[in-house]
Amino acid sequence: MKQNNYLLLSSSSILLDKEIEKIIKEKNFEEASIITYDLEEVALVDVLEELDTVSFLTPLKVVIANHANFLTAGASEEEASLNHLLKYLDQNIETTLFFLTVDKMDERKKIGKELKKKMTFLNISPDKEEYLKSLLANYKLEKGVISNILSRVEDDYDKIYQESDKLKLYKVDSKEITNSDVENMLPAPLEKQDQLTFDLIRAIGLKDKREALKLYEKLKKFNIEIFALMGLLESQYRVLYQVKLLNNRGYREGEIAKELAIHPYRAKKILELGRTTTIKEIKNFLLKLADLDLKLKSGQVDKELAMELLIINSD
């Protein structure tokens, strides 16, 4: 029966825990014993055995079975266990509160349709912007903060919760969160760093030193260590050098991607980048990087000024 049986769908373990906690309170199961299973580690038959067992310690019990992957595409479960589960759900057991959770479902599966009929089904996927606003409800937010945070959390509810918690703790005294706070506290996704590095190389190739310095200032906000940034630049320039050589030999975009084992889109973008610079300029820049690396390690150049000097002296 639906009354005490819940099928919860969510990619967020935090949202699932909060929903389960809320239902336990609403159903007055707060004094119940709670037994939790991970169906990635135990078989469904173990959960069913628990459901069929009368609780001796307390009159009430809560059974939580997480990661019901047999509801997802490409996964399955023994038919006997599924039939046993459906039979259990036909009963009206008032002393047991049962939760089955899954992060995604294949809507075409018969078992999923059957469970939705026999259990209270809840899809816990709130609008991410509204969810974040609710988490930061007691804080004053500078314009753009919400979108700035969401651009850094990789579309992940748990990440939204964790990072907003980090920001709230950071600004607990002033109760005001600015875009600068977000940039200082939350690292940007790696793809964004790569794109900025790519844009920096393009600006250097175009001899646009002002733009290159602006891009470097943006990269600095991600707290990238100077040697790591130099490593990124060297890696990009070496690929650029290889692409230029192959292109000069008549290789096309797809052939270059295959030869260098890189994504075709990356090969395309690097080919576009190659039009702004020559092989000689690429080699010179790699030599300057190597020289700068040596000077940094020997203490001849200040870390804070090193990259600015590299950009200014790139010709």
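Residues numbered from 1 in each chain as written. Predicted model: local features only at pLDDT ≥ 70, side-chain atom pairs only at ≥ 80, totals over all residues. Heavy atoms only, no water.

1. Digging into the sheet that holds strand β2 (residues 33-38)
Going by this rule: By definition, two strands form a pair when at least two bridges between them are found by DSSP. Only runs of H or I of at least four residues qualify as helices and only runs of E of at least two qualify as strands under DSSP, and these elements are numbered from the N terminus. Throughout, an axis means a line fitted to C-alpha atoms (over the contacting stretch in the case of helices), and angles, computed between N-to-C directions, take values from 0 to 180 degrees. Any pair of residues with heavy atoms lying within 4.5 Å of one another is described as a contacting pair.
Here we have 5 strands laid out as an open sheet, ordered β2-β3-β4-β1-β5, and parallel in their pairing. In this open sheet, the two strands that pair with only one neighbour each are β2 and β5 (120-123). Here the strands of the sheet are splayed against their neighbours by 15° on average, with no regard to which way each runs. Contacts from helix α2 (residues 44-52) reach β2, β3 (61-66) and β4 (96-102) within the one sheet, and its direction differs from that of β3 by about 170°. Helix α3 (residues 79-89) rests against β1 (5-9) and β4 of the sheet, and its axis sits at about 135° to β4.

2. Describing helix α5 (residues 128-135)
Put simply, the rule is: Partly exposed residues are those whose accessible area sits between 20% and 50% of the maximum for their type, while under 20% is buried and over 50% is exposed, using a 1.4 Å probe and protein chains only. Directions drawn from the helix axis to the C-beta atoms are what define this arc. By the criterion applied in these results, polar contacts are pairs of N or O atoms within 3.5 Å in which, for protein atoms, one can donate a hydrogen and the other can accept it, and in which residues neighboring in sequence qualify only through two side-chain atoms.
Buried residues of α5: Y131, L132 and L135, and no others. In an axial view of α5, the angular spread of the buried residues amounts to 95°, which keeps them on one side of the axis. Where α5 is buried, its residues contact α1 (13-26), α6 (145-150) and α7 (157-170). The residue sitting at the N-terminus of α5 and contributing the capping side-chain oxygen is D127; that oxygen lies 3.2 Å from the backbone nitrogen of E129.

3. Some details on the side chain of D158
Here is the rule we go by: We count Lys and Arg on the positive side and Asp and Glu on the negative side, and we leave His and both chain ends out. Each reported salt bridge corresponds to a side-chain nitrogen of Lys or Arg within 4 Å of a carboxyl oxygen of Asp or Glu.
With respect to the helices and strands, the residue D158 is situated in helix α7. One buried charged side chain, D158, makes no salt bridge at all; its nearest oppositely charged neighbour is K18, positioned 9.9 Å away. In this structure the side chain of D158 is engaged in a polar contact, spanning 2.9 Å, whose partner is the side chain of S13. When residues no more than four places from it in sequence are discounted, the contact partners of D158 are S11, S12, S13, I14 and L15.

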